[in-house]
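Examination of the molecular architecture
This is what each chain is made of:
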Amino acid sequence: MKKIIAFGASSSKTSINKQLATYAAKQFKEATITVLDLNDYEMPIFSIDKETNAGIPQLAHDFYAQLGTADLIVISFAEHNGAYTTAFKNIFDWTSRINSKTFQEKPVVLLSTSPGPRGGSSVLEIAKNRFPFQGAVVKGSMSLPSFYENFDAVNGIINDEYKNQLMNIVNAITF
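Digging into the packing of helix α3 (residues 58–68) against helix α4 (residues 86–96)
α4 packs onto α3 with a crossing angle of 85° between their chain directions and a minimal axis gap of 9 Å. By the angle between their directions, the pair α3 and α4 is classed as roughly perpendicular. Within the contact between the two elements, α3 uses Ala-60, Phe-63 and Tyr-64 and α4 uses Ile-91, Trp-94 and Thr-95. Tallied by class, the residues present in the contact of α3 with α4 amount to 5 nonpolar, 1 polar and no charged.

As structure tokens, then:
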């Protein structure tokens, strides 16, 4: 059975992006899903001085190892000021010091959502452009705008247009 690692790139305890990533991962049949919580990987803010003095934190190694176990990685991005959340960026910075190909040539689905009408589309564009350089094989991406109008905790994506977008991505991926 294939393994999917999914996470919301946010440290919010009620992350809508974690909800979306989990929902998207569950659309793949015959796969085991591990949902990561970025709060389990909280580390000091990255700096070269901290790395020189104390090395790379074990939590960065743990996160990198988790990614390495995946047959597919599903990430949904929260957007802070048009870019990654600080929580994700810090984990990303530390993990990239282990291997600049952080995603280890794994297939990746990139998602984003927000309560607003742009659905985190700015951060999604950043990730789509950056992640191939970090070893992600991007298999699909989509933004879900207006989360609370288009997503239901029981039924997932309730807007047919967006649900079809996601299912087209899911159905195009074989692993």
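Overview of the side chain of Gln-134
In this fold, Gln-134 is placed in the loop between α5 (121–130) and β5 (136–144). Side-chain polar atoms of Gln-134 contact the backbone oxygen of Ser-100, separated by 2.7 Å. The contacts of Gln-134, once residues within four sequence positions are left out, are Phe-92, Ser-96, Ser-100, Lys-101, Thr-102, Phe-103 and Gln-104.

Things to note about the pattern of salt bridges
Pairing is possible between side chains that carry opposite charge, provided their charged atoms lie close to one another. Applying the stated rule across the entire model yields 4 salt bridges. One salt bridge in this structure joins Lys-89 and Asp-93, with 2.7 Å as the shortest N-O distance. Of this pair, Lys-89 and Asp-93 both sit in helix α4, separated by 4 residues, roughly a single helical turn. The class for Lys-89 is partly exposed, based on a relative accessible area of 34%.

Cut-off values and rules
- Residues numbered from 1 in each chain as written.
- Predicted model: local features only at pLDDT ≥ 70, side-chain atom pairs only at ≥ 80, totals over all residues.
- Heavy atoms only, no water.
- Axes fitted to C-alpha atoms, helices over the stretch in contact; angles between N-to-C directions.
- Helix = DSSP H or I, 4+ residues; strand = E, 2+ residues; numbered from the N terminus.
- Parallel < 35°, antiparallel > 145°, perpendicular 65-115°, else oblique.
- Contact = heavy atoms within 4.5 Å.
- Nonpolar A, V, L, I, M, F, W, Y, C, P; charged D, E, K, R; others polar.
- Polar contact = N/O pair within 3.5 Å; in protein donor to acceptor, adjacent residues only side chain to side chain.
- Salt bridge = Lys/Arg side-chain N within 4 Å of Asp/Glu carboxyl O.
- Buried < 20%, exposed > 50% of the residue type's maximum accessible area, 1.4 Å probe, protein only.

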